[in-house]
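Working through the structure, step by step
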Amino acid sequence: MDTRKDDNQLKYAQQHLANERTYLAWVRTAVAILGIGFLVTSLHLSMGLSENLLIVILGISTGFLGVLTIILASVSYFKKEKQIRKQTFYSSYIMIYFFSLLWIIIALVATLYIIQILV
């Protein structure tokens, strides 16, 4: 009986650790998003180019997206922690759809910016 209880505790601990790893991966993603925004903005300004609406939109949107990523990652972490305790599971489709849509929008703005510089 002791081994069965130990196995259950080990699986329970593994689920919590996996949840923490996922949370930390989202935080690293948020930091990368913020870094990309700052990098693009600073490169634009250091090249001596005039202020551009697209670069302002790109810089602000990556800032908001980075902060939003941390907020949503925290909410998701606590939801998953609760699900682990209740031994239930619900997939988080909304978060995936939301971030996919935002990345598409940011990629389009960045593409417009690059096209504008090359032309």
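Residues numbered from 1 in each chain as written. Predicted model: local features only at pLDDT ≥ 70, side-chain atom pairs only at ≥ 80, totals over all residues. Heavy atoms only, no water.

The next point concerns the overall build of the chain. For the chain, the helix and strand inventory stands at 3 helices and 0 strands. Listed N to C, the secondary structure of the chain is α-α-α in terms of helices and strands. Relative to the 2.2 N^0.38 estimate, which gives 14 Å for 119 residues, the radius of gyration of the chain is 20 Å and therefore markedly larger than a compact globule would have. Projected onto the principal axes, the alpha-carbon positions of the chain cover approximately 70 × 25 × 20 Å. Across the 119 residues that make up the chain, the buried fraction comes to 22%. Sequence-distant contacts, at least 24 apart, represent 75% of the contacts inside the chain between residues at least 6 apart. Working note: accessible area of the chain is about 8,900 Å², and carbon and sulfur atoms make up 70% of it. Here the chain carries 10 positive and 6 negative side-chain charges, and the mean point of each set is 7 Å from the other. (Helix = DSSP H or I, 4+ residues; strand = E, 2+ residues; numbered from the N terminus. Rg over C-alpha atoms; globule rule 2.2 N^0.38 Å. Buried < 20%, exposed > 50% of the residue type's maximum accessible area, 1.4 Å probe, protein only. Contact = heavy atoms within 4.5 Å. Areas by Shrake-Rupley, 256 points an atom, 1.4 Å probe, with all protein chains shown as cover. Lys, Arg positive; Asp, Glu negative; His and termini not counted. Charge placed at Lys NZ, Arg CZ, Asp CG, Glu CD.)

It is worth spelling out the UniProt feature "transmembrane region" (unreviewed entry) in the chain at this point. What UniProt calls "transmembrane region" (unreviewed entry) maps, in this numbering, to residues 21-41, 53-78 and 90-115. The distance separating the terminal C-alpha atoms of residues 53-78 is 38 Å; by composition the span is 100% helix and 0% strand. Helix makes up 88% of residues 90-115 and strand 0%, whereas the separation of the span's terminal C-alpha atoms amounts to 42 Å. (UniProt positions renumbered as here; feature names shortened; annotations may be inferred.)

Summed over all chains, the structure comprises 1 salt bridge. Its salt-bridge partner being Arg 85, residue Glu 81 comes within 2.8 Å of it at the nearest N-O pair. Of this pair, Glu 81 and Arg 85 both sit in helix 2 (residues 53-86), 4 residues apart, roughly one helical turn. Its relative accessible area of 18% is what places Glu 81 among the buried residues. (Salt bridge = Lys/Arg side-chain N within 4 Å of Asp/Glu carboxyl O.)

The subject of this paragraph is the domain arrangement of the chain. For the chain, the domain assignment lists domain 1 (3-88) and domain 2 (93-118). Contact with domain 1, which involves 17 residues of that partner, is made by 12 residues of domain 2. Here domain 1 meets domain 2 over a buried area of about 1,300 Å², counting both sides, of which 86% is carbon and sulfur. Taken together, domain 1 and domain 2 are joined by 0 salt bridges. Run the count over domain 1 and domain 2 and you get 0 residue pairs in polar contact (both at pLDDT 80 or more). Elements with a minimum of two residues in the side of domain 1 that touches domain 2: helix 1 (2-46) and helix 2. Examining the composition of the side of domain 1 that touches domain 2, we find that 12 residues originate from one element, helix 2, more than from any other. Of the residues that constitute the side of domain 1 that touches domain 2, the class distribution is 11 nonpolar, 6 polar and no charged. (Domains from an automatic or database assignment. Buried area = accessible area lost by both parts, 1.4 Å probe. Polar contact = N/O pair within 3.5 Å; in protein donor to acceptor, adjacent residues only side chain to side chain. Nonpolar A, V, L, I, M, F, W, Y, C, P; charged D, E, K, R; others polar.)

Counting residues in hydrophobic clusters, the biggest one holds 10 residues: Ile 33, Leu 54, Ile 55, Leu 58, Leu 65, Met 95, Phe 99, Ile 106, Val 109 and Tyr 113. Elements supplying a minimum of two residues to this core: helix 2 and helix 3 (93-118). In terms of residue count, helix 3 provides more of this core than any other element does, 5 residues in total. For this core, the domains that each give at least three residues are domain 1 (3-88) and domain 2 (93-118). Leave out the neighbours within four places in its chain, and Ile 55 touches Val 40, Thr 41, His 44 and Tyr 113. (Core = buried A, V, L, I, M, F, W, Y, C linked by side-chain atoms within 4.5 Å.)

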